[in-house]
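# Geometric and topological summary
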Amino acid sequence: MKKLVSIVLSLILTISLFAACSKEHKEENKAVITPNYEIVKEVPQERLAGSMQPAEHFAGGDGSENNPYQISTPAELQLFSDVVNNQKLGDDLNYAEAYYILNNDIEFNSVADMEKADEKAPSYAWVPIGQKDDDKGSEFKGHFDGNDKTITGLYVISAYHGMDDSRAFIGMFSKINNAEIKDLTLSNSYFYSYNGIDSLAAVVGQAYCSTIDNCHTKDTYCYATSAEAAQILGHSISNVNISNCTASGKVESSNSQEIAGIAASVNDGTIENCINDAEIVNQYGTASGICGLLSDSAPETDNDAKIICVGKTTVINCKNNGTISAPLAGAAGISARISSGNSEIELNKCENSGVIKGKTEIGGIAGSVISSKNSVGRSDGKTNQGLATVKECINTGNINADNGNAGGICGHISTEYQAKINIENNNNEDCVVSGSTVGGIVGIQTNGINNDSGTTSVASCSNSGAFGDNPSSAGGIFGTVSLLSSGRDTTGVNISIEDCINDTDFDFNTVGYGTGGIVGFLNLQGITGDSISFNKCTNNGDFKAVMNANSFSFLGGVCGASDSVGEEIVTIKDCINNGNFDITLISTEKTTSADNENEENNSVLCYVGGVCGGGCERTAINNCSNNGKFNLVSGDKNKILYDDIMSLKYAKNDELMQAVRQQIENEVKSNQDEKN
């Protein structure tokens, strides 16, 4: 008994503790980052650039919509910055709200000088437009037409900003409000923040209720020690629409919470038809190809409680080709963090082909997806329910979580307070997904530890991507579903997996606790009301696996293991397994008699089922078929059990299983107490 308990605990606790700490993890994401870097109060002298003398006037125009101010030279571009920031040409003219057009390509600094910008400053420093907000200067509220021209060699570098200074945002434009920036390319430019900056991007630092369309970066470097950083937009406050933009070059940080290729964070807006080719590297926080953090706004209501504005956030038709790396946090091809609690966040028709590497919560499309609730912003006092949707997305890039959770589409998903997550019509193909818990579509689902824990629907998804070496749990669609009872006492979690197909083979030298064609491991310690259903799912992948006769493990054509402590209901209906089982059974070195006290009565620890490897009495299998053949390549046939449907079905009152579960609960509680 002692041996069996220790084996089960070692394989399950990592997954269980992840779910138990989901609330703590979310709170950590919201916390203010404590700097672990040296505060640099002054830019080193060798990196300070000179100031360009502005032109006395623009090339033409009066700033109206039909006759915009014309910019043709570097000096006139400098004038643009000066008049918006300082109103030098007369306080009676509102340059911050005027119209501007770029007539020519402009070389602000030479390409040769910009190639050395990391060591020595070029000739001229750029002063971001709209960086002041006082009586003489303003955030930019006008219209800038790049006219499909290119600006080369913008150079911005910043250090410490004291508490008395305005909040700092770095970019060609610092802050924009109800503005339009369009048809612009920035090439060979350099934006660098030592510390003290709120957000940084090549095009716009911060935006509110604005449009950024057809803007591009080429060979541009953006670095922030601790700020949000990206190539197109640093931070979006509300109702910002980004479309038809591309990014290339590199975005890098040593201590930022999130960085990305297109936008570091977006709340209530749209990112459409954008492509990231830039390399994204964040040594501390998350890294994303398109947007770091996606959040939604509360719907606005009138006095009659009628919704007049829905704060939806949408990313549609976007693609990441860049390499994304976050050694200490989550990473994703599209968005590393999705937090829906007010309205709806939707990822639609997005693709990733880039290599994604990180610690945990790594996904080809989304890293972590959390759907919750929020009562803020409702005049009627009602609660806003979050809805997160990921649909019609494709991943072809390799996904690698360093001993964490990895999914071809989503690394980690979680619901609470009756919120919803829909994952529909997504494909993971031509790639390798690696980690401790891996799924072709979703790495792991956990429940929030608040009441009313929500609904998840995964429908019409397919996986043909391969898996890395020897995960603890692996599934063609889900790696693990882990539901805990802690903090929940009302409505349960409802998970539906329907019309999903796995076409990839499982070739492991060591089978973990649960491996399944659709779901690897159901770790269920939930409440009455929790339900998980598999409906019309098909596994076509073969299993070529090495199993250790002395280790407790399950393998199933549809579900690897369905382990339950509570009153959850698991239903597997109208599912088909076409995968064959070629199993090599090995034995490790002989253990001591103390660790082997119950071996005679429990000599079989490896279970293989055509539909389900093992399940509790509340696991129902209806109208399922197994077309796969079982073949024991080598090993003692008395040490493994195979059944055409379910190899092991146990009652929750079984003495053996009760003892194992009690040990698991004690260990989980002990670890929770230590963290608290």
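Refer to the structure printed above.
Residues numbered from 1 in each chain as written. Predicted model: local features only at pLDDT ≥ 70, side-chain atom pairs only at ≥ 80, totals over all residues. Heavy atoms only, no water.

### What to know about the overall build of the protein
- The secondary structure content of the protein amounts to five helices and 74 strands.
- Long-range contacts, defined as pairs at least 24 residues apart, comprise 84% of the intrachain contacts of the protein with a sequence gap of at least 6.
- Here the protein displays about 25,400 Å² of accessible surface, and carbon together with sulfur accounts for 42% of that area. (Helix = DSSP H or I, 4+ residues; strand = E, 2+ residues; numbered from the N terminus. Contact = heavy atoms within 4.5 Å. Areas by Shrake-Rupley, 256 points an atom, 1.4 Å probe, with all protein chains shown as cover.)

### Observations regarding the pattern of salt bridges
- A complete count under the given rule lists seven salt bridges for this structure.
- Note that D118 and R47 form a salt bridge whose closest N and O atoms lie 3.5 Å from each other. Taken together, the residues D118 in the loop between α4 (111–114) and β4 (143–152) and R47 in the loop between α2 (22–30) and β1 (69–71) connect sequence positions 71 residues apart.
- Residue R47 is classed as buried on the basis of its relative accessible area of 7%.
- Salt bridges sharing common partners tie together K312, E344 and E346. (Salt bridge = Lys/Arg side-chain N within 4 Å of Asp/Glu carboxyl O. Buried < 20%, exposed > 50% of the residue type's maximum accessible area, 1.4 Å probe, protein only.)

### Notes on the sheet that holds strand β72 (residues 630–634)
- If you walk across this open sheet you meet the four strands as β57-β62-β67-β72, and the pairing is parallel. The sheet is open, and its two edges are formed by β57 (506–508) and β72, each paired on a single side. Along the sheet, successive strands turn relative to each other by an average axial angle of 30°, direction set aside. (Pairing = 2+ DSSP bridges. Axes fitted to C-alpha atoms, helices over the stretch in contact; angles between N-to-C directions.)

### Examining the nonpolar core
- Ranked by size, the top nonpolar core spans 137 residues in total, and within it Y100 and F534 carry the most contacts.
- For this core, the element with the highest residue contribution is helix α3 (residues 74–86), accounting for five residues.
- Once residues lying within four places of it in the same chain are set aside, the contact partners of F534 are I497, I518, V519, L522, V558, C559, V570, T571, I572, K573 and C575.
- By size, the runner-up hydrophobic cluster in this structure holds twelve residues, among which are V43, A117, Y155 and Y194. (Core = buried A, V, L, I, M, F, W, Y, C linked by side-chain atoms within 4.5 Å.)

### Section: the packing of aromatic side chains
- Summed over the entire model, instances satisfying the criterion amount to 30 aromatic pairs.
- Judged by centre distance (6.0 Å) and plane angle (50°), the rings of Y100 and F140 are tilted. Remark: F140 occurs in the loop between α4 and β4 and Y100 occurs in strand β2 (residues 99–102); sequence separation between them is 40 residues. Here Y100 and F140 have matching classes, each one buried.
- Taken together, a centroid distance of 6.2 Å and an interplanar angle of 75° make the contact between F506 and F508 edge-to-face. (Phe/Tyr/Trp six-rings, centres within 6.5 Å; stacked < 30°, edge-to-face > 60°.)

### Let's talk about the pairing of strand β68 (residues 606–609)
- Neither face of β68 is open: one carries C606 and V608, the other Y607 and G609, and all of them are buried.
- Pairing between strand β63 (residues 553–556) and β68: four bridges, direction parallel. Within β68, the residue paired with L555 across the bridge is V608.
- Where β68 and strand β73 (residues 640–643) come together, four bridges link them in parallel fashion. From the neighbouring strand, C606 faces β73, where its bridge partner is I640.

### Brief notes about the environment of A366
- Within the secondary structure, A366 sits in strand β37 (residues 366–371).
- Its relative accessible area of 0% is what places A366 among the buried residues.
- The sequence separation of A366 and C410 amounts to 44 residues, and the corresponding C-alpha distance is 4.7 Å.
- Contact partners of A366, with chain neighbours within four places excluded, come to A332, S335, I338, I409, C410 and G411.

### So, the sheet that holds strand β23 (residues 279–282)
- Within the open sheet, the ten strands sit side by side as β5-β9-β13-β18-β23-β30-β35-β42-β47-β52. Their pairing is parallel. Either end of the sheet is taken by a strand with one partner, and the two such strands are β5 (155–158) and β52 (466–467).
- Pairing of strand β42 (residues 399–401) with strand β47 (residues 432–434), which is carried by two bridges, proceeds in the parallel orientation. By the bridge assignment for β47, I399 is matched with V433.

### Here we look at α3
- The first and last C-alpha atoms of α3 sit 18 Å apart over 13 residues, in line with the 18 Å expected at 1.5 Å per residue.
- For α3, the tally of buried residues reaches ten of 13 residues, placing the bulk of the element in the interior.
- Residues E76, L77, Q78, L79, F80, S81, D82, V83, V84 and N85 constitute the buried set of α3.
- Where α3 is buried, its residues touch β1, β2, β3 (106–107), β4 and β7 (173–177). (Expected span 1.5 Å × (residues − 1).)

### Some thoughts on the environment of E46
- By the secondary structure assignment, E46 is in the loop between α2 and β1.
- A C-alpha to C-alpha distance of 7.6 Å links E46 and E119, two positions 73 residues apart in sequence.
- Beyond its immediate sequence surroundings of up to four residues, E46 is in contact with E119, K120 and A121.

Treat this as a map of the structure, not an account of what it does.
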